[in-house]
Amino acid sequence: MDHDADKTETTDVDDAGDPATIPLTAFFPPTLPDFSGAEIVWSGMRRGALKWAVRRRGRPYVRVESSPLQGQPVHVHGSQALEHDEDHFERGMRAYGPLGYSILRSHAVVSAHLRHRIDGLVQQYELLVGRMMAARTAALSNYDEEYVIQSRLVFWDALGSMLMACENVMALFFAVNDYEGRRVDLGESLVKRRDVAPHRVLESGSFQHYDWWYRHLDLGGAKGRGLDLAARQKAQVDFVARTSRALVREALDDIANTWTADLHRVATRQKHGLTLIDPTHGAAWATEILGDGTPHIGQDYVDSALFVIDANDGPPSQFVVPISIGGLEVLLDSARGTVALWESLVAALIQKAENPTGRVFPAVARYDSNLMPDHLKPNNDEIITLLALISGLSPEYLISGADHLARKSAATAAIDDAFRGWQDANGRNTVTYVEEIWNPRRPSPFRD
């Protein structure tokens, strides 16, 4: 790496004022380390310089540009995206309009991102449980204090994730019904503000109607598809559809029984106040009055509960949310199921528009291919053939898409392997390395 060349760059500092008076050497450590991770430290210094350049430029630090939707929408690809048939884009535009199709595409990205966030919370919780089991096995003391705090934080994050999923699946449910019933623009319906609490919609008969979901996710199985499928293909499609229908019923039941009016209010009260009782002390209002008139909070609440302050058209009140292991597991599972419904509905709408046949492969987002009996499990060639029959897309296009995903997965795995090798060689993580050699939080050279 040519460090001398990089030291002469000013980049965003040019926008910050007079770069001649702000040499980038102000961000250097006393000596540049000579080790395999020097590039990481150098990156930290450069990022610190660019951060302060943005601050020096003045507010707003994060720019937002607004422009009206006008003119002709343009089909664009990211630099690393898979190029695909222009007809798919045109079919989507014709079906839902430019705005609706664009928002559906963004829903596909955001729902997948939220799924990964919830999966990360599950992994974080599993790691926490593993740490507690290891501490118990080693007969350590006071290990439960970490669980008390961390489990509450996982619960709170899971609650926020499910709130986001509930609001988005509700908005999409309304928009689809508006689009089908009155043929209004799907995009305008999606961005329309609706003054209704999600829990009222999510527990309603119309949202909980199984057939609505079966129809929109195309979970009817092989019968009635008008396709010339072999007996083995029919059995495969029927199994996937049957399993997916069961997952839909489970997700709808979890939503209706988890996302109550009170839990919705708790999830939206963060701005009003949240009391996390730590193992040593905290503040909360009494949950009961003892016989002698002494205010009292049950120890089980103190050991495992969220205390949330609410003021909804009245004097402030306190919501107490006891957190049990089973309750946290159910919340995480319900959040996953809600995201799966949202993600599946988005994918089905896009496939119906883009696929030449207008058909959808009947698998919801949480479908696990390992559930299929061994005698029915298709090989790669069978999967491509079946997808081509259902979608009307060419096998060549489907193979190119599968190859693109395989290359992305391989690239991610290679990056992970390289990073693990770097950590093994240096015995620490990048943050520790940067902070040991150079403190990026020291006072800015832009300030007196």
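Residues numbered from 1 in each chain as written. Predicted model: local features only at pLDDT ≥ 70, side-chain atom pairs only at ≥ 80, totals over all residues. Heavy atoms only, no water.

### With respect to the confidence of the model for the chain
Here comes step 1: Residue-level pLDDT values for the chain average 78, and 76% of them are 70 or greater.
Here comes step 2: Mean pLDDT per element in the chain: helix H1 (residues 3–6) is the minimum at 42, and helix H7 (residues 210–216) is the maximum at 94.
Here comes step 3: The low-confidence segment residues 1–20, where pLDDT is below 50, has 26 contacts with residues more than four positions distant or belonging to other chains. (pLDDT = per-residue confidence, 0-100. Helix = DSSP H or I, 4+ residues; strand = E, 2+ residues; numbered from the N terminus. Contact = heavy atoms within 4.5 Å.)

### Let's talk about the environment of Trp213
Here comes step 1: Turning to its location among the elements, Trp213 is positioned in helix H7.
Here comes step 2: Using a relative accessible area of 0% as the deciding quantity, one classes Trp213 as buried.
Here comes step 3: Taking the C-alpha atoms as reference points, Trp213 and Leu252, 39 residues apart in sequence, are found 9.8 Å from one another.
Here comes step 4: Discounting residues that sit within four places of it in the chain, Trp213 has contacts with Val169, Phe207, Val248, Leu252, Leu341 and Leu345. (Buried < 20%, exposed > 50% of the residue type's maximum accessible area, 1.4 Å probe, protein only.)

### So, the packing of helix H8 (residues 231–258) against helix H11 (residues 325–354)
Here comes step 1: Across the interface, H8 lies against H11 with an axial gap of 9 Å and an inter-helix angle of 120 degrees. Our classification of the angle between H8 and H11 gives oblique. The handedness of the crossing between H8 and H11 comes out as left-handed. Counting all contacts with H8, which are made through Val248, Glu250, Ala251, Leu252, Asp254, Ile255 and Thr258, the residues of H11 involved are Val330, Leu331, Asp333, Ser334, Gly337, Thr338 and Leu341.
Here comes step 2: The residue inventory of the contact of H8 with H11, partitioned by class, reads seven nonpolar, four polar and three charged. (Axes fitted to C-alpha atoms, helices over the stretch in contact; angles between N-to-C directions. Parallel < 35°, antiparallel > 145°, perpendicular 65-115°, else oblique. Left-handed = near helix turned anticlockwise from the far one by under 90°. Nonpolar A, V, L, I, M, F, W, Y, C, P; charged D, E, K, R; others polar.)

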